[in-house]
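# An overview of the molecular structure
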Amino acid sequence: MPKTLLIGLDGATFTVLDPLVERGVMPFLGSLLDRGVRAPLRSVVPPLTPPAWTSLMTGKRPGEHGVFDFFQKESPDSEYFQFASSRDVGTSTIWSLAGEQGKRVISLNFPLMFPPPAVNGYVVPGGWVPWRQLRLGCHPAGLFDRLKALPSFEPRELALDMKLEAKAIEGCDAEEYADWIRLHTRREERWFDIVRHLLDEDDSVDLVGVMFDGPDKLQHLCWRFIDPETRPAAPNEWEREIIALCDDYFRRLDEIIAALVELAGPDPTVVLASDHGFGPSWDVFYVNAWLEQHGYLAWADDGEREALESTQVGFSRMTRHVFELDWRRTVAYAATPSSQGIHIVRQRDGDDAPMSDEAYERLVTEIAAGLLEVRSPRTGRALVNEVHLRATTFAGPYEQLAPDVSLALADGAALSILRSDTLVKTRAEANGNHRPEGIFAAAGPALRSGETLPEISIVDVAPLLLYSLDVPVPLDMSGRLPEAAFRPGELERRPPQYVAGALPEEQPAVAEPEVVFDSDDEALILNRLRALGYVE
Amino acid sequence: MTQLDPQVLDDVLKLIDELSGDWEFEGEITPETRFLGDLGLESLDLVVLGTMIQHRYGQLPFAEYYAEVGQRPVAERDVSVADLVSFIARNRTLSEERA
C-alpha cells in the first residue's frame with residue numbers, strides 16, 4: 001500500500017472547486033477538505049505547466065531547476081529554442097530522491113518526464129509527448145506492452161494528439177465542445193486504470209503520483225460554462241448541454257479521486273495540488289508589436305502577415321521568430337506566448353562587440369518601465385501588473401537561459417507574439433487563462449483537520465511529500481516544510497530529516513529507451529540529450 | 001541519391017519499424033518514406049523523435065534543421081527517412097571533427 005498519494009490537478013482553482021463541492025458535484029473532495037488542510041498555492045513565474053510542475057517535483061524555482069517554458073533556449077546567446085525534456089531538469093526530483101532511499105514510485109502524466117528518468121518504479125510521462133511515441137516514454141522497459149493489455153489503454157487519448165490539443169488554446173467549433181469534454185473524462189479514467197493495474201501488480205509502491213490535466217484543458221475552452229461568475233444566466237440548449245458535461249467531468253473526477261484514495265489503503269497521506277490557478281481572460285497583448293512600436297524589434301521584410309487579424313494564441317508560430325525577425329535591427333523579442341518573457345539580444349548580427357552590462361541594464365529597465373504603462377482599452381487599467389527581471393526572479397544556475405524580462409499580465413490577459421497593428425485586442429467572449437494562485441489540500445494521519453492555512457508556495461509541496469515518505473529533505477531546496485499543516489507535536493515526535501543538497505545534475509540519469517538502437521556505442525548516450533526545434 | 005550511412009540507416013529504420021506498429025502502419029518503410037506525408041506524423045512527432053535520436057547520437061542541430069524545413073514552401077515541408085539519415089550522418093561527422 002502506498003504511504004503517499006500525490007494527485008495533481010492541472011490548473012485547478014478553489015474558485016471553481018468550492019462551488020462544485022457546495023453544489024454536491026464533488027462530495028469526496030468536500031470530505032477530503034473537511035478532514036485535512038487546505039491553502040492557496042502560489043505558483044512560479046511564469047505560472048505555466050512545465051516550470052510549475054517541475055517546481056513542485058523539485059522543490060526549487062525555475063532558475064534553480066532549469067525549466068522556464070515548453071521550450072528551452074538552446075544556449076544563452078542562441079535565438080533557437082528546443083523542446084523541453086526531462087534532461088533539462090537540472091536537479092533531483094521527488095521521484096529520484098525517493099528512489100535513492102529505496103522507495104518505489106509511480107509517476108503518471110507529469111510533464112518533463114520524457115525521456116523517462118530511471119526512477120525506482122514506473123513512469124508514463126505527460127506533457128507534450130505525442131501518442132505515437134508514448135512507448136518511448138514508458139519506464140521500465142516492457143511497461144508499454146504490459147499496459148497495452150489493459151482494455152482501457154489507448155495511447156491516442158492518454159498522450160498528446162496535437163490536433164486535438166490546439167483546441168484548448170485556439171478554440172473550436174461549438175459542435176466539438178462536447179467531444180472535447182468527453183475525451184477528458186475518458187482520459188482521466190484511463191489514467192486511473194493504469195494506477196489500479198500497477199498497484200494490483202506491485203504492492204511495494206510507496207509514492208503514487210498521478211496528474212489529471214482535464215481541469216486545465218476544460219477551463220481554457222469552457223471557462224464561461226464552468227465559472228459560476230460567468231455562466232450564462234439563461235443558457236440555451238447547447239449551453240445547457242456543455243454546462244452539464246462540464247459538471248459530469250468534475251463529478252467523475254471526484255469519483256476517481258475517491259477511488260484512488262481507497263486504493264491507497266488505510267491512512268495514506270493524500271496531497272492534492274495544482275500547478276497554477278485559473279480565471280477569465282479577455283485581452284490579448286501583442287508584445288512583439290509593442291516592442292516593434294518602441295523600436296526594439298524589427299520584422300524581416302518578407303515575414304508572413306496572414307494572421308494580422310487573428311487573436312488566437314497558436315502553437316504553430318512558436319519558433320517562427322527566427323525567420324520573421326530582422327536580427328540586425330532587433331534587440332528584444334518574445335519567442336513564445338507561453339513563456340510570457342522577453343529575451344534581449346546582446347550581440348546582433350554585424351555588431352563588433354556584445355552589449356555592455358550598463359547598456360543591458362538600461363535597456364531592461366526601459367522596457368520594464370514602458371510595459372508598465374500599457375493600458376487595457378477594455379478596463380482603462382494597467383495591462384501589465386508586474387515585470388520581473390531575470391537576475392532577481394530567476395537567480396540560480398540556469399538563470400542565463402531564462403527570459404530577461406517577464407510579464408505578469410492583469411486579469412489573465414494572454415500574450416501573443418504575432419504581428420499586429422493593434423497592441424491589445426479584446427475577445428468577444430471570455431475564455432480561461434492561468435492565474436498564479438493554485439490549490440493545495442492534504443489529509444493524513446499527521447496533518448491537521450479542517451484547517452485553512454495561509455498561502456504556501458508550490459516549492460513547499462516537495463518537502464511535505466518527502467517528509468511523509470521518511471525521505472530526507474535536501475537543504476538546497478527553496479521549499480520549506482509547511483509546518484502549520486501538521487498536528488501539534490507531530491514534527492517533534494517524528495522530526496524531519498535534512499541532507500546537504502546535491503550539486504545540479506548536468507546530465508540526470510535517463511532510462512534506456514524501450515526501443516533501443518542495436519549499436520554498441522553506449523558512450524554517446526551520455527551526451528546531453530536535447531529536445532529539438534519546432535516545425536509547423 | 002547520395003550513399004547513406006548504412007549503420008545510421010539501419011538504426012533509424014529499426015526505430016521507425018518498432019514504433020510504427022503502434023501506429024497501425026502496415027506499409028513498408030524505406031529511405032524514401034516521408035514522415036509527414038507517408039507515415040502521417042505531425043511536426044511534434046518529428047521533434048520528439050529527434051529527442052530519441054540524440055539519445056543515441058549525442059547533440060545534433062535539430063532545432064536549426066527543423067526551423068529550416070519549416071521555412072520551405074508548404075508542399076516541401078517534409079522529411080524523408082533518407083533526409084534524416086543524411087542529417088544525422090553529416091552532423092555526427094561534424095561534431096566528431098570539432099571534438
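What you are looking at is a predicted structure, and each value in this text was computed from that prediction instead of being measured.

Now for the environment of asparagine 91 of chain B. Residue and element names in this part refer to chain B. Counting through the fold element by element, asparagine 91 comes out in helix 4 (residues 81-98). When the 18 C-beta atoms within 10 Å are taken as the criterion, asparagine 91 is described as partly exposed. Taking the C-alpha atoms as reference points, asparagine 91 and tyrosine 66, separated by 25 residues in sequence, lie 14 Å from one another. When residues no more than four places from it in sequence are discounted, the contact partners of asparagine 91 are Leu60 and Pro61.

The subject of this paragraph is the domain arrangement of chain A. Residues and elements named next belong to chain A. Taken domain by domain, chain A holds domain 1 (4-276 + 436-499) and domain 2 (281-430). A straight line from the C-alpha centre of domain 1 to that of domain 2 covers 30 Å. Every contact between the two is made by 27 residues of domain 1 and, on the other side, 29 residues of domain 2. Residue composition of the side of domain 1 that touches domain 2, by class: 13 nonpolar, six polar and eight charged.

On to the packing of helix 2 (residues 27-35) of chain A against helix 12 (residues 237-263) of chain A, then. Residue and element names in this part refer to chain A. In the contact formed by helix 2 and helix 12, the axes pass within 7 Å of each other and the chain directions differ by 50°. One way to sum up the angle between helix 2 and helix 12 is to call them oblique. Every residue of helix 12 that contacts helix 2 at Pro27, Phe28 and Leu29 is listed here: Asp254, Ile257 and Ala258.

All names here are of chain A. One open sheet accounts for three strands, arranged 14-9-15; its pairing is mixed. Each end of this open sheet is capped by a strand with a single partner; those strands are strand 14 (414-416) and strand 15 (424-435). Averaged over all pairs of adjacent strands, the angle between their axes in this sheet comes to 35°, without regard to strand direction. Packing of helix 11 (residues 214-226) onto the sheet brings it into contact with strand 9 (277-286) and strand 15, and relative to strand 15 it is tilted by some 115°.

Residue and element names in this part refer to chain A. Summarising burial for helix 3 (residues 49-58): ten of the ten residues are buried, a large majority. Residues of helix 3 that are buried make contact with helix 4 (62-65), helix 5 (94-100), strand 8 (269-273) and helix 17 (461-468). A positive phi of about 70° marks glycine 59, the residue just after helix 3.

Residues and elements named next belong to chain A. Their axes nearest at 10 Å, the elements helix 10 (residues 174-201) and helix 11 cross at an angle of 170°. With respect to their mutual orientation, helix 10 and helix 11 come out roughly antiparallel. On helix 11, the residues touching Tyr177, Trp180, Ile181, His184, Arg187 and Glu188 of helix 10 are Gly214, Lys217, Leu218, Leu221 and Cys222. The residue inventory of the contact of helix 10 with helix 11, partitioned by class, reads six nonpolar, two polar and three charged.

Basis of the calculations
Once a new chain begins, its residue numbering starts again from 1 and follows that chain's sequence as written. Note on labels: chains are lettered from A, ligands numbered from 1, in written order. Since the coordinates come from a predicted model, pLDDT governs what is reported: local features require at least 70, and pairs of side-chain atoms require 80 or more to be given and counted, while whole-chain, interface and lining totals use all residues. Put simply, DSSP marks the helices as runs of H or I at least four residues long and the strands as runs of E at least two long, and each gets a number from the N terminus on. Neighbour density around each residue's C-beta defines its exposure: 20 or more other C-beta atoms within 10 Å make it buried, 12 or fewer make it exposed, and counts between make it partly exposed, where C-beta atoms are placed from the backbone. The contact rule is simple: place each C-beta atom from the backbone, and if two of them lie within 7 Å, those residues are in contact. Start and end positions for the domains come from either an automated domain assignment or a database one. Gly falls in the polar group here, along with every residue not listed as nonpolar (Ala, Val, Leu, Ile, Met, Phe, Trp, Tyr, Cys, Pro) or charged (Asp, Glu, Lys, Arg). An axis is simply a line fitted to the C-alpha atoms; with a helix, the fit covers only the stretch in contact. Between two such axes, the angle follows the N-to-C directions and lies from 0 to 180 degrees. Orientation categories follow fixed angle ranges, with anything under 35 degrees roughly parallel, anything over 145 roughly antiparallel, 65 to 115 roughly perpendicular, and all other angles oblique. Two strands are said to pair when DSSP picks up at least two bridges between them.

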